[in-house]
Every structure is written in C-alpha cells, then in structure tokens.
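Chain residues, written in single-letter form:
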Amino acid sequence: MGIGKLRFVVTAVLALGLAGLGHAQEAREHWYTFNVGAGFTPLVGQVSDRLNNGWNARAGAGFRMTSHFEVNAEYMYNGMGVKPIVLTEAGVPSANSYEWSISADPKIRFGGARRFDPYIVGGVGYYRRVVNFTAPTTVPVTLFDPFFGVFFPGLLPADVIIGTISRSGIGGSGGAGFHIRLGDSTAKFFAEARYHYAATGTMPTRMIPVTFGLEW
C-alpha cells in the first residue's frame, strides 16, 4: 500500500470515528424532552406592593429540533402571600394568592450535547392570577382511635373562602439558565432564572422565578 493510499485510509477512519462520536452524542440526546422543577419567586413592580414573594413549581414537555434548539410546552404554578395592607383594605382576616400559566417556550442551547450546556429561553402564553380572601372556621371530620379501635366525630381548623379576585391575560417571559448532564445518563440538572410579564388587568404581574430541577 502506497503512502498516499495509507493517508487516505487513515483520514477515512478518523472521519468515520468522529462521525460516529458525533452520532453517539446526538443519540444520547433524545429528540423529546421532559422537565420538572421548583424554586422561589421574587415579585417586582407594582404587584410586589400588594403580594408577597413566593415559590414556584413547573412541569413541561417538548421536542428538540436540533441539538441547539428545542420548543417546550410548560405549566407553571406560583404560590404567593398577601400583604397586610390588602387584608386591611378588604376587611378580612387572611388571604392567599397564586398564579398559574401555560406557555410555549423556545430554547436556544449553546452547549448542544456537551456536559455543561448554557441556554437562553423565552416564552409566550396564558396567565391567570387569583387572590382568595379567607376566614378561619372548623370542619367536622370522623377520627379513629387506634387504642380503643373506635371512630368518633371531631372538628379540625380550616379556612373558608369568602371572596375571590381573579385576573387573566396573555404574557411572556425571557431568561437564561444551564444544564449539567448527570454522569453518562440523559438526565440533566438545570438552574434557570426568567423574567415574566403578564397583562393581568390594571396591575400587571411581574416576577422573576428562579427554578431548579431535572430534564431528561
């Protein structure tokens, strides 16, 4: 075999090897995705004068067009408290608030199939913010005494909703985060911060949920 042919064979083997490695990396990345996460939710803007910072939980699924671009459908729930000034104005003893959203979220991934994968993400969807005004009460329940083996009636403290204010609207989001692949699996840890704006009536909702979770 001549030097020229040997060089051609070596080059071909290296090219096939690199192509196989690239294919293996792509195969490791499913073309469909699932994610779950939770974290904390700071509020910003006017709404932060009425509601307290809270927490968030989310779940989503999507499709990866390429190793650098995917689109997800996500559901997010944000639980929040209510400021004392709102309770005073409404003349109620207690209240709670939450917001949920469903959105379509395109994501650009800079790391592709690499172990460390930073990304930017945006989204647009439907948001609904709810404030429930409550009052303490008791509810009848049936309790069981394991010592005597008998059932007996009892009362437990609870809150009853005495009024609700809800606002809905279209909103959007934008932010950034990163994935870190866990070992040789397809599962990844992610951390993300995203600014959300929702046109929920005369007082729009502005928040920056910070979420940690898993994607696979």
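This one's a predicted model, so the numbers in the text were calculated from it and none came from an experiment.

**Student:** Would you mind going over the side chain of His196 with me for this structure?
**Tutor:** Checked against the element boundaries, His196 lands in strand S8 (residues 188-198). Overall, the relative accessible area of 5% leaves His196 in the buried class. Only 2.9 Å separates the side chain of His196 from the side chain of Tyr127, close enough to count as a polar contact.

**Student:** Just to check I follow, could you spell out the packing of aromatic side chains for this structure?
**Tutor:** Applying the stated rule across the entire model yields 6 aromatic pairs. When the ring of Tyr32 is compared with that of Phe34, the centres are 6.0 Å apart and the planes differ by 65°; the resulting orientation is edge-to-face. When its relative accessible area of 44% is taken as the criterion, Tyr32 is described as partly exposed. Judged by its relative accessible area of 37%, Phe34 is partly exposed. Centre to centre, the rings of Trp55 and Tyr77 are 5.5 Å apart; their planes meet at 40°, and the pair counts as tilted. On the criterion of sequence distance, the pair formed by Trp55 in strand S3 (residues 54-66) and Tyr77 in strand S4 (residues 69-80) is long-range, its members being 22 residues apart. When its relative accessible area of 45% is taken as the criterion, Trp55 is described as partly exposed. Each member of the aromatic cluster is reached from another via a ring pair, and the members are Trp55, Tyr77 and Tyr98. Cation over ring: Lys107 sits above Tyr119, and NZ or CZ is 4.4 Å from the ring centre.

**Student:** Explanation requested: the environment of Met203 in the structure shown.
**Tutor:** With respect to the element layout, Met203 can be found in the loop between S8 and strand S9 (205-207). Taking C-alpha positions, Met203 is 6.6 Å from Val47, a pair spaced 156 residues apart along the chain. Not counting the four nearest positions on each side in its chain, Met203 is found in contact with Gln46, Val47, Arg50 and Arg129.

**Student:** Please explain the side chain of Glu215 as it appears in this structure.
**Tutor:** Mapped onto the elements, Glu215 comes out in strand S10 (residues 210-215). Of note is the side chain of Glu215, whose polar atom sits 3.4 Å from the side chain of Arg64. Once you skip the residues sitting within four places of it in the chain, Glu215 turns out to touch Thr33, Phe34, Asn35, Arg64, Glu70, Lys107, His179, Thr186, Ala187, Lys188 and Phe190.

**Student:** What's the story with a nonpolar patch on the surface in this structure? I'm lost.
**Tutor:** A cluster of nonpolar side chains, namely Tyr32, Phe34, Val36, Phe40, Phe116, Ile180, Leu182, Phe189, Phe212, Leu214 and Trp216, defines an oily patch on the protein surface of about 980 Å² accessible area. Contributions of two or more residues to the nonpolar patch are made by strand S1 (32-41) and S10. For the nonpolar patch, the element with the most residues is S1, which contributes 4 residues. Along the chain, Val36 falls in strand S1. Relative accessible area serves as the criterion here: at 39%, Val36 is assigned to the partly exposed category.

Rules and cut-offs
Residues numbered from 1 in each chain as written. Predicted model: local features only at pLDDT ≥ 70, side-chain atom pairs only at ≥ 80, totals over all residues. Heavy atoms only, no water. Helix = DSSP H or I, 4+ residues; strand = E, 2+ residues; numbered from the N terminus. Buried < 20%, exposed > 50% of the residue type's maximum accessible area, 1.4 Å probe, protein only. Polar contact = N/O pair within 3.5 Å; in protein donor to acceptor, adjacent residues only side chain to side chain. Phe/Tyr/Trp six-rings, centres within 6.5 Å; stacked < 30°, edge-to-face > 60°. Lys NZ or Arg CZ within 6 Å of the ring centre and 35° of its normal. Contact = heavy atoms within 4.5 Å. Patch = residues over 30% accessible without salt bridge, like charges linked within 9 Å, V, L, I, M, F, W, Y side chains within 5 Å. Areas by Shrake-Rupley, 256 points an atom, 1.4 Å probe, with all protein chains shown as cover. Salt bridge = Lys/Arg side-chain N within 4 Å of Asp/Glu carboxyl O.

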